[in-house]
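Spelled out, the chains give:
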Amino acid sequence: MGPRVVLRTLTYNIHRWRGHDGQIDVARTAHIIQSSAADIVTLNEVLHPLDMPGHTLTALPLLAAQLDMNFIFTPTIHPGPFDQPSTAYGNALLTRLPILAYANHRLTTPPAHEPRGLFEARLLLPDGQVLTVYGTHLDHKRETVRVGQVQALLQWTVRDRGR
């Protein structure tokens, strides 16, 4: 058996990039993530692409660049629902590890509830092994909906338990 790999993880709801003051500040978000020393970060309520005045990159690639991390974005709501008609809404992954592949799965969501998704990503560990990471943002309105979403999540993770 090779040396043990230790990874720090963080889940962070970035509330459409807005802080408690209502302002969008990617550098502030980067500072919070950087202070956690996380190697793998799942983000919820991500708008992408979100233009950043004064920058050539949009918010998510800018955040990844500031943290020197790789990223993926998986939409749960496609462009059009917010004040930026070309912007989607969903979950994202930031990681220091190479991303080999990823997929987005829709979770069952009843009418009048925000659509939810589950992403899975395959990451390459330093020892050459592959780690599967999942990220989601469960329904906030009803526990029965969350239970159903967790059951779907468990089906995916049980399927992958050998990885």
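### Quick notes on the sheet that holds strand E1 (residues 9-13)
Hydrogen bonds between backbone atoms are what pair the strands of a sheet, whose relative direction is either parallel or antiparallel.
(1) Moving on: Taken in spatial order, the 4 strands of this open sheet run E1-E2-E4-E3, and their pairing is mixed. Looking along the sheet, the strands with just one partner apiece sit at the ends: E1 and strand E3 (70-77). Averaged over neighbouring strand pairs, the angle between their axes works out to 20 degrees when direction is ignored.
(2) Moving on: Examined bridge by bridge, strand E2 (residues 40-48) and strand E4 (residues 88-95) share 7 bridges and lie antiparallel to one another. Among the inter-strand pairings, Val41 is bridged to a residue of E4, identified as Leu94.
(3) Moving on: Running at roughly 155 degrees to E1, helix H1 (residues 26-36) makes contact with E1, E2 and E4 of the sheet.

### Here we look at empty space enclosed by the protein
(1) Moving on: For the structure on display, the rule yields 1 cavity of 30 Å³ or more.
(2) Moving on: Its volume calculated, the largest cavity comes out at about 40 Å³.
(3) Moving on: Lining of the largest cavity is provided by Glu45, Thr76, Tyr89, Gly90, Asn91, Glu114, Pro115, Arg116 and His137.
(4) Moving on: Taken together, the residues of the lining of the largest cavity sort by class into 2 nonpolar, 4 polar and 3 charged.

What counts as what
- Residues numbered from 1 in each chain as written.
- Predicted model: local features only at pLDDT ≥ 70, side-chain atom pairs only at ≥ 80, totals over all residues.
- Heavy atoms only, no water.
- Pairing = 2+ DSSP bridges.
- Helix = DSSP H or I, 4+ residues; strand = E, 2+ residues; numbered from the N terminus.
- Axes fitted to C-alpha atoms, helices over the stretch in contact; angles between N-to-C directions.
- Contact = heavy atoms within 4.5 Å.
- 1 Å grid on protein atoms, 1.4 Å probe; cavity = no way out; pocket = protein on both sides within 12 Å on 5 of 7 lines; lining within 4 Å.
- Points joined across faces, edges and corners; volume = space filled by probe spheres on them.
- Nonpolar A, V, L, I, M, F, W, Y, C, P; charged D, E, K, R; others polar.

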